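Inside the fold
What follows is each chain in one-letter form.
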Amino acid sequence: MDETIVVVGAALLRDGRLLAARRSAPPELAGRWELPGGKVEPGEAPEAALVRELREELGVAAEAVARVPGEWPLRAPYVLRVWTARLLPGSGDPEPLEDHDALRWLTPDEVWDVDWLDQDVPAVKAALPHWTTPAEGDRPAGRRR
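In short, a report on the structure. Here the structure is a predicted model, which means the values were calculated and not measured.

Reading guide: rules and limits
- Residues numbered from 1 in each chain as written.
- Predicted model: local features only at pLDDT ≥ 70, side-chain atom pairs only at ≥ 80, totals over all residues.
- Heavy atoms only, no water.
- Helix = DSSP H or I, 4+ residues; strand = E, 2+ residues; numbered from the N terminus.
- Buried < 20%, exposed > 50% of the residue type's maximum accessible area, 1.4 Å probe, protein only.
- Contact = heavy atoms within 4.5 Å.
- Salt bridge = Lys/Arg side-chain N within 4 Å of Asp/Glu carboxyl O.
- Phe/Tyr/Trp six-rings, centres within 6.5 Å; stacked < 30°, edge-to-face > 60°.
- Lys NZ or Arg CZ within 6 Å of the ring centre and 35° of its normal.
- Pairing = 2+ DSSP bridges.

1. Some words on the side chain of glutamate 53
Inspection of the secondary structure assignment puts glutamate 53 in helix 1 (residues 46-58). The exposure class of glutamate 53 is buried, given its relative accessible area of 7%. Apart from the residues lying within four places of it in its own chain, the contact partners of glutamate 53 are Gly37, Gly38, Lys39 and Leu58.

Below, the structure written as structure tokens:
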């Protein structure tokens, strides 16, 4: 019986930058940075969980674009899976509404300027090849038209 609980993370991309969210809770994670997201509820598709979590945590409408290959262990029984995502037109700017106190849009050159949670480091490294270039706007690299 597989008791793994999936936690989805969003490599939310805009204008060639990645959104990082600074944790405000729980106390042992406060002040460190992560990809926004959260747990997949029973019966929920991971992509739907990603959309829901971005709405709850950041107050934005977004869509999952593509799964980043890989899976990263968190504390048992949780594993992290990451999708590239983009904001939907008219969604507005993300705000730290739940479990976060700050947000930063990072260029590839700035990505290691924040203190990422240990478990997010390999996920961020895996997401790097999926970033857009400024000329492509918010269309993630590799997205099919």
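Picking up after the structure, the text goes on.
2. Examining the environment of glutamate 3
Examined against the element boundaries, glutamate 3 turns out to sit in the segment before strand 1 (5-14). Remark: the alpha-carbon pair of glutamate 3 and tyrosine 78, spanning 75 residues in sequence, is separated by 8.8 Å.

3. Brief notes about the pattern of salt bridges
One pass over the full model with this rule turns up 10 salt bridges. The closest approach of N and O atoms between aspartate 93 and arginine 14, which form a salt bridge, is 2.9 Å. Residue aspartate 93 is found in the loop between strand 6 (78-87) and strand 7 (100-106), and its partner arginine 14 is found in strand 1; the two are separated by 79 residues along the sequence. Arginine 81 is the salt-bridge partner of glutamate 71, the closest N and O atoms lying 2.6 Å from each other. Note that glutamate 71 is positioned in strand 5 (residues 62-73) and arginine 81 in strand 6, a separation of 10 residues in sequence.

4. A closer look at the packing of aromatic side chains
Evaluation of the coordinates by the stated rule reveals 0 aromatic pairs. The ring of tryptophan 83 is capped by arginine 67, whose NZ or CZ atom sits 5.2 Å from the centre of that ring.

5. Section: the pairing of strand 1
Looking along a regular strand, one sees the side chains alternate between the two faces of the sheet. In terms of residue burial, strand 1 counts as a mostly covered element, since 9 of its 10 residues are buried. Examined bridge by bridge, strand 1 and strand 6 share 8 bridges and lie parallel to one another. Bridge pairing in strand 6 places alanine 10 opposite tryptophan 83. Bridge count between strand 1 and strand 2 (residues 17-23): 2 bridges; the pairing is antiparallel.

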